[in-house]
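A closer look at the structure
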Amino acid sequence: FRNTKIGSFSKLQLPALQEAKGLAINCSKLRTVNIDLPAAKNLQAAFANCPELKDFTLNTLSTYNSNINITNIITGSSSLVNVNMNFYSAIVDVTGLINNLPKLETLTLQAKNATGTWPVTNCDKLKKVDINVGTIAPNNAFEGHSNLEDATILTVSTATRNLFKNCSNLKTLWCKI
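This text gives an overview of the structure that appears in the document. On a predicted model such as this, the values are computed, not experimentally measured, just so you know.

Considerations on the overall build of the protein
Scanning the protein from terminus to terminus reveals 0 helices and 12 strands. Sequence-ordered secondary structure for the protein, helices as α and strands as β, is β-β-β-β-β-β-β-β-β-β-β-β. With 177 residues in all, the protein has 42% of them scored as buried. Look at the contacts in the protein between residues 6 or more apart in sequence, and 32% of them connect residues 24 or more apart.

Some details on the nonpolar core
Core analysis: the biggest nonpolar cluster contains 51 residues, and Phe 47, Phe 56, Met 85, Ile 98 and Phe 142 have the highest contact counts within it. Looking at this core, the elements with two or more residues in it are strand S2 (32–36), strand S3 (55–59), strand S4 (82–86), strand S7 (106–111), strand S10 (128–133) and strand S11 (150–154). Sequence-distant contacts of Ile 98, that is, excluding residues within four places in its chain, are made with Ile 74, Val 83, Met 85, Leu 104, Leu 107, Pro 119, Val 120, Thr 121 and Cys 123.

Remarks on the environment of Gln 44
Mapped onto the elements of the fold, Gln 44 is located in the loop between S2 and S3. On the basis of relative accessibility, which here comes to 24%, the residue Gln 44 falls in the partly exposed class. Separated by 23 residues in the primary sequence, Gln 44 and Lys 21 have C-alpha atoms spaced 4.7 Å apart. Once you skip the residues sitting within four places of it in the chain, Gln 44 turns out to touch Lys 21, Gly 22, Asn 69 and Thr 71.

What counts as what
Residues numbered from 1 in each chain as written. Predicted model: local features only at pLDDT ≥ 70, side-chain atom pairs only at ≥ 80, totals over all residues. Heavy atoms only, no water. Helix = DSSP H or I, 4+ residues; strand = E, 2+ residues; numbered from the N terminus. Buried < 20%, exposed > 50% of the residue type's maximum accessible area, 1.4 Å probe, protein only. Contact = heavy atoms within 4.5 Å. Core = buried A, V, L, I, M, F, W, Y, C linked by side-chain atoms within 4.5 Å.

Laid out in structure tokens, this is it:
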């Protein structure tokens, strides 16, 4: 699919695909991805540099404690508005996973066996977050996110200071730390 002008993957299922490195990299017209990759082991840059990508849903359904490489999976896809990633019990390094997405409004990230550092940085338009990862949220992780209205944060391994400081529109907060 590399460098194609495809408009969307709508509930694409690739049950046996393990190597998806660069699967749809540089697809300039790709707007929607809804994909199940139950056997995936390498998703490095799979959907990177897709400038029109707005909605992204990925389910890995991988077996317990399997390692998946997700380095730069959506890097450079700066038009993303909605991201939903479910890695179930797979081991993934979430460092920098959701970074510099200036239009991102909704984020759901389920990665119970996540490693690395906090995955969300420089996403100031966030309105809704639902994050279940095993990493430490840094102090001031969402400070000043004035658009944030709804937050669910689970399994953050350490309580942090000022997690939602100056989130003036926050209406709903559910935290389990």
